[in-house]
Amino acid sequence: MHRINPERAALVVVDVQNGFVNEHSRHVVPVVVKLVREWSAVGGAVVFTRYRNYPDSPYERLFSWTRLQGPPETDLVPELHDLVGEAAAIIDKTGYSFFTPAAERLVTQQGWGDLVFCGIATESCVLKSAADAFERGHSPWLVTDACASDAGPAVHEAGLLVARRLIGRGQLITTEHVLTPAREVHR
């Protein structure tokens, strides 16, 4: 089984924003915070993404979805505020994927081969980011217990099912699998 190389990896925290946290996804916030804290403590790079909708976006035109067009919905959850200052970057995006032009440049400049994804929502932005990483030749990892869907557990499970098909069963891991190699490298 391929292992994450913490020295060539980044933890990508996808869209853990006020507008995506609800009764279905709230449970994942402390898991993400713990993962970020422990990953950072061993010197791992962290990147946060923030989704922002806009007037006449495809989401508005095709789904009639007008949310997340500004603060406070677009703000990262308060539990992450003290962790943002140490991040390698915050990537603002208007689509599902982490892979904006700024993110592409950052990944290339830093030489990250392993990209570890967590956040909200499993079936959309997290899944699309991991699949795009796979197609770009990176090793994507999806941290199953640090992801959730604001649409509920059945949709989260559907996202995991599709992820297994798109990036490989072995690329779906838990927080413990992420943190164990990082801890070993920095002993």
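Residues numbered from 1 in each chain as written. Predicted model: local features only at pLDDT ≥ 70, side-chain atom pairs only at ≥ 80, totals over all residues. Heavy atoms only, no water.

The biggest cluster of nonpolar side chains holds 61 residues, and the ones touching the most others in it are Val13, Phe98 and Leu115. No other element matches the seven residues that helix H1 (residues 28–41) contributes to this core. Ignoring any residue separated from it by four or fewer positions in sequence, one finds phenylalanine 98 in contact with Val12, Val47, Thr49, Ile91, Lys93, Ala103, Val107, Leu115, Phe117 and Ser129. (Core = buried A, V, L, I, M, F, W, Y, C linked by side-chain atoms within 4.5 Å. Buried < 20%, exposed > 50% of the residue type's maximum accessible area, 1.4 Å probe, protein only. Helix = DSSP H or I, 4+ residues; strand = E, 2+ residues; numbered from the N terminus. Contact = heavy atoms within 4.5 Å.)

All right, on to helix H5 (residues 122–135) then. With 14 residues, H5 should reach 20 Å at 1.5 Å per residue; the first-to-last C-alpha distance of 18 Å fits that figure. Where H5 bends most, the angle comes to about 25°, and this point is lysine 128. Counting buried residues along H5, 10 of its 14 residues qualify, which places the element largely inside the surrounding structure. Of the residues making up H5, those classed as buried are Thr122, Ser124, Cys125, Val126, Leu127, Ser129, Ala130, Ala131, Asp132 and Ala133. Against the buried residues of H5 lie strand E1 (9–14), strand E3 (89–93), strand E4 (114–120), strand E5 (139–148) and helix H6 (153–167). Looking one or two places after H5, you find glycine 137, whose phi comes out positive at around 90°. (Expected span 1.5 Å × (residues − 1). Bend = angle between axes of the 7 residues up to and from the residue.)

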